[in-house]
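Topology and contacts: notes
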Amino acid sequence: MAKFNLIVGSMLGAAEYVADHVADLLNQAGHQSEIHNPARLAAITAEPDAILLVVTSTHGAGEVPDNLQPFLKDLYEQKPDLGAFRYGVIALGDRSYDTFCAGGKTLDQRLAECGASRIGERLEIDVTQYEIPEDAAEAWIQPWMASIS
(Lines give C-alpha, C1' and ligand atoms only; values in the text may rest on other atoms or scores of the structure.)
Protein backbone atom coordinates (compact mmCIF):
# COMPACT_ATOMS: atom_id res chain seq x y z
CA MET A 1 0.00 0.00 0.00
CA ALA A 2 1.04 3.61 -0.56
CA LYS A 3 1.81 6.55 1.69
CA PHE A 4 0.09 9.84 0.82
CA ASN A 5 1.02 13.34 1.92
CA LEU A 6 -2.01 15.60 1.57
CA ILE A 7 -1.05 19.24 1.03
CA VAL A 8 -3.99 21.41 2.05
CA GLY A 9 -4.75 25.01 1.13
CA SER A 10 -7.94 26.41 2.61
CA MET A 11 -9.36 29.76 3.65
CA LEU A 12 -12.93 28.92 4.68
CA GLY A 13 -12.61 25.22 5.43
CA ALA A 14 -14.09 23.48 2.38
CA ALA A 15 -10.73 22.15 1.17
CA GLU A 16 -9.95 20.96 4.70
CA TYR A 17 -13.20 18.98 4.80
CA VAL A 18 -12.42 17.47 1.41
CA ALA A 19 -8.87 16.56 2.51
CA ASP A 20 -10.15 14.95 5.72
CA HIS A 21 -12.69 12.91 3.78
CA VAL A 22 -10.15 11.84 1.14
CA ALA A 23 -7.66 10.87 3.87
CA ASP A 24 -10.35 8.68 5.45
CA LEU A 25 -11.05 7.03 2.08
CA LEU A 26 -7.34 6.40 1.50
CA ASN A 27 -6.98 4.90 4.97
CA GLN A 28 -10.06 2.70 4.48
CA ALA A 29 -8.45 1.38 1.28
CA GLY A 30 -5.39 0.33 3.29
CA HIS A 31 -3.15 3.27 2.45
CA GLN A 32 -1.45 5.57 4.91
CA SER A 33 -2.18 9.30 4.75
CA GLU A 34 -0.86 12.38 6.50
CA ILE A 35 -2.42 15.82 6.24
CA HIS A 36 -0.01 18.76 5.99
CA ASN A 37 -1.78 21.97 6.96
CA PRO A 38 0.24 24.08 6.69
CA ALA A 39 2.56 22.21 4.35
CA ARG A 40 6.33 22.50 4.78
CA LEU A 41 8.52 21.74 1.77
CA ALA A 42 11.22 20.09 3.91
CA ALA A 43 8.71 17.64 5.41
CA ILE A 44 7.28 16.80 1.99
CA THR A 45 10.63 16.27 0.27
CA ALA A 46 11.83 14.05 3.13
CA GLU A 47 9.50 11.31 1.83
CA PRO A 48 10.13 10.85 -1.92
CA ASP A 49 8.26 7.54 -1.93
CA ALA A 50 5.07 9.19 -0.69
CA ILE A 51 2.50 10.31 -3.23
CA LEU A 52 1.53 13.98 -2.94
CA LEU A 53 -2.11 14.96 -3.11
CA VAL A 54 -2.81 18.69 -3.23
CA VAL A 55 -6.28 19.72 -2.01
CA THR A 56 -6.72 23.46 -2.35
CA SER A 57 -9.23 26.20 -2.88
CA THR A 58 -8.56 29.45 -4.69
CA HIS A 59 -8.49 32.78 -2.90
CA GLY A 60 -8.66 36.41 -3.95
CA ALA A 61 -7.67 37.01 -7.56
CA GLY A 62 -6.62 33.43 -8.24
CA GLU A 63 -4.05 32.89 -5.49
CA VAL A 64 -3.48 29.87 -3.34
CA PRO A 65 -4.84 30.27 0.20
CA ASP A 66 -2.72 32.03 2.82
CA ASN A 67 -1.75 28.80 4.60
CA LEU A 68 -0.28 27.44 1.34
CA GLN A 69 1.59 30.60 0.30
CA PRO A 70 4.85 29.72 2.13
CA PHE A 71 4.92 26.25 0.52
CA LEU A 72 4.40 27.70 -2.96
CA LYS A 73 7.03 30.38 -2.31
CA ASP A 74 9.52 27.67 -1.31
CA LEU A 75 8.76 25.74 -4.51
CA TYR A 76 9.61 28.84 -6.57
CA GLU A 77 12.65 29.94 -4.58
CA GLN A 78 14.25 26.57 -3.84
CA LYS A 79 13.34 24.93 -7.16
CA PRO A 80 13.62 21.43 -5.66
CA ASP A 81 14.15 18.42 -7.90
CA LEU A 82 10.89 16.53 -7.48
CA GLY A 83 11.62 14.03 -10.24
CA ALA A 84 11.04 11.11 -7.87
CA PHE A 85 7.61 12.37 -6.82
CA ARG A 86 4.13 11.54 -8.10
CA TYR A 87 1.14 13.70 -7.29
CA GLY A 88 -2.54 14.45 -7.80
CA VAL A 89 -4.56 17.65 -7.46
CA ILE A 90 -8.05 18.35 -6.17
CA ALA A 91 -8.88 22.00 -6.83
CA LEU A 92 -11.95 23.80 -5.50
CA GLY A 93 -13.36 26.95 -7.01
CA ASP A 94 -16.38 28.85 -8.29
CA ARG A 95 -16.85 28.57 -12.05
CA SER A 96 -18.46 32.03 -12.20
CA TYR A 97 -14.96 33.52 -11.72
CA ASP A 98 -12.35 33.59 -14.48
CA THR A 99 -9.86 32.37 -11.87
CA PHE A 100 -11.78 29.10 -11.43
CA CYS A 101 -9.54 26.61 -9.59
CA ALA A 102 -6.47 28.78 -10.22
CA GLY A 103 -4.94 27.81 -6.87
CA GLY A 104 -4.92 24.14 -7.83
CA LYS A 105 -3.76 24.89 -11.36
CA THR A 106 -0.84 26.93 -10.00
CA LEU A 107 0.31 24.14 -7.69
CA ASP A 108 -0.16 21.58 -10.47
CA GLN A 109 2.00 23.62 -12.84
CA ARG A 110 4.71 24.31 -10.27
CA LEU A 111 5.00 20.68 -9.15
CA ALA A 112 5.34 19.64 -12.81
CA GLU A 113 7.98 22.34 -13.40
CA CYS A 114 9.94 20.86 -10.48
CA GLY A 115 9.85 17.47 -12.19
CA ALA A 116 7.02 15.69 -10.35
CA SER A 117 4.70 13.44 -12.38
CA ARG A 118 0.96 13.93 -12.10
CA ILE A 119 -1.18 10.83 -11.74
CA GLY A 120 -4.40 11.09 -13.76
CA GLU A 121 -6.35 14.24 -14.38
CA ARG A 122 -6.73 17.14 -11.98
CA LEU A 123 -10.13 17.21 -10.26
CA GLU A 124 -11.77 20.63 -10.45
CA ILE A 125 -14.76 20.98 -8.14
CA ASP A 126 -17.18 23.82 -8.78
CA VAL A 127 -18.45 24.46 -5.26
CA THR A 128 -21.61 26.07 -6.66
CA GLN A 129 -22.54 22.72 -8.24
CA TYR A 130 -21.88 20.53 -5.21
CA GLU A 131 -23.59 21.21 -1.92
CA ILE A 132 -21.07 18.77 -0.43
CA PRO A 133 -17.73 18.98 -2.32
CA GLU A 134 -16.61 15.78 -0.60
CA ASP A 135 -19.04 13.88 -2.85
CA ALA A 136 -17.20 14.97 -5.99
CA ALA A 137 -13.85 14.08 -4.42
CA GLU A 138 -15.12 10.65 -3.38
CA ALA A 139 -16.30 9.85 -6.92
CA TRP A 140 -12.89 10.91 -8.29
CA ILE A 141 -10.62 9.28 -5.70
CA GLN A 142 -11.77 5.70 -6.27
CA PRO A 143 -10.61 5.43 -9.91
CA TRP A 144 -7.62 7.66 -9.11
CA MET A 145 -6.43 5.22 -6.44
CA ALA A 146 -6.78 2.38 -8.94
CA SER A 147 -4.46 4.18 -11.37
CA ILE A 148 -1.64 4.45 -8.81
CA SER A 149 -0.20 0.99 -9.30
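Quick look at the structure, then.

Per the stated rule, a full pass over the model turns up 9 salt bridges. Close ionic contact of Glu121 with Arg118 constitutes a salt bridge, the shortest N to O distance being 3.9 Å. With a relative accessible area of 58%, Glu121 lands in the exposed category. The exposure class assigned to Arg118 is partly exposed, which follows from its relative accessible area of 34%. In this structure, Glu124 and Arg122 form a salt bridge, with 2.9 Å as the shortest nitrogen-oxygen distance. Relative accessible area serves as the criterion here: at 26%, Glu124 is assigned to the partly exposed category. Relative accessible area serves as the criterion here: at 25%, Arg122 is assigned to the partly exposed category. Among the charged side chains, a network of salt bridges with common partners joins Asp108, Arg118, Glu121, Arg122 and Glu124.

Moving on: the packing of aromatic side chains. Applying the stated criterion across every chain yields a total of 2 aromatic pairs. Here the aromatic rings of Phe4 and Trp144 are separated by 5.9 Å at their centres, their planes lie at 50°, and the arrangement is tilted. Linking Phe4 in strand β1 (residues 3-9) with Trp144 in helix α5 (residues 133-146), this pair joins segments that are 140 residues apart in sequence. Their ring planes at 20° and their centres at 5.1 Å tell us that Trp140 and Trp144 sit as a pair that is stacked. With Trp140 and Trp144 both in helix α5 and 4 residues apart, the pair spans about one turn of that helix. Grouping residues by exposure puts Trp140 and Trp144 together as buried. Taken together, the ring pairs connect Phe4, Trp140 and Trp144 into an aromatic cluster.

So, about the packing of helix α1 (residues 14-28) against α5. Interhelical geometry of α1 versus α5 gives an angle of 35° and a closest axis separation of 10 Å. Helix-helix and strand crossings are classified by hand; for α1 and α5 the assignment is right-handed. For the pair α1 and α5, contact is made by Tyr17, Val18, His21, Val22, Leu25 and Leu26 and by Pro133, Glu134, Ala137, Glu138, Ile141, Gln142 and Met145, respectively. When the residues that make up the contact of α1 with α5 are grouped by side-chain class, the tally is 9 nonpolar, 2 polar and 2 charged.

A few words on the layout of surface pockets. Of the voids in this model, the largest pocket is the one considered here, and its volume is about 340 Å³. Lining the largest pocket are 18 residues, and of these Ser57, Thr58, His59, Leu92 and Gly93 lie nearest its centre. Counting residues per element, the ones that place at least two in the lining of the largest pocket are α1 and β4 (86-93). By residue class, the composition of the lining of the largest pocket is 9 nonpolar, 8 polar and 1 charged.

Quick notes on the rules
Residues numbered from 1 in each chain as written. Predicted model: local features only at pLDDT ≥ 70, side-chain atom pairs only at ≥ 80, totals over all residues. Heavy atoms only, no water. Salt bridge = Lys/Arg side-chain N within 4 Å of Asp/Glu carboxyl O. Buried < 20%, exposed > 50% of the residue type's maximum accessible area, 1.4 Å probe, protein only. Phe/Tyr/Trp six-rings, centres within 6.5 Å; stacked < 30°, edge-to-face > 60°. Helix = DSSP H or I, 4+ residues; strand = E, 2+ residues; numbered from the N terminus. Axes fitted to C-alpha atoms, helices over the stretch in contact; angles between N-to-C directions. Left-handed = near helix turned anticlockwise from the far one by under 90°. Contact = heavy atoms within 4.5 Å. Nonpolar A, V, L, I, M, F, W, Y, C, P; charged D, E, K, R; others polar. 1 Å grid on protein atoms, 1.4 Å probe; cavity = no way out; pocket = protein on both sides within 12 Å on 5 of 7 lines; lining within 4 Å. Points joined across faces, edges and corners; volume = space filled by probe spheres on them.

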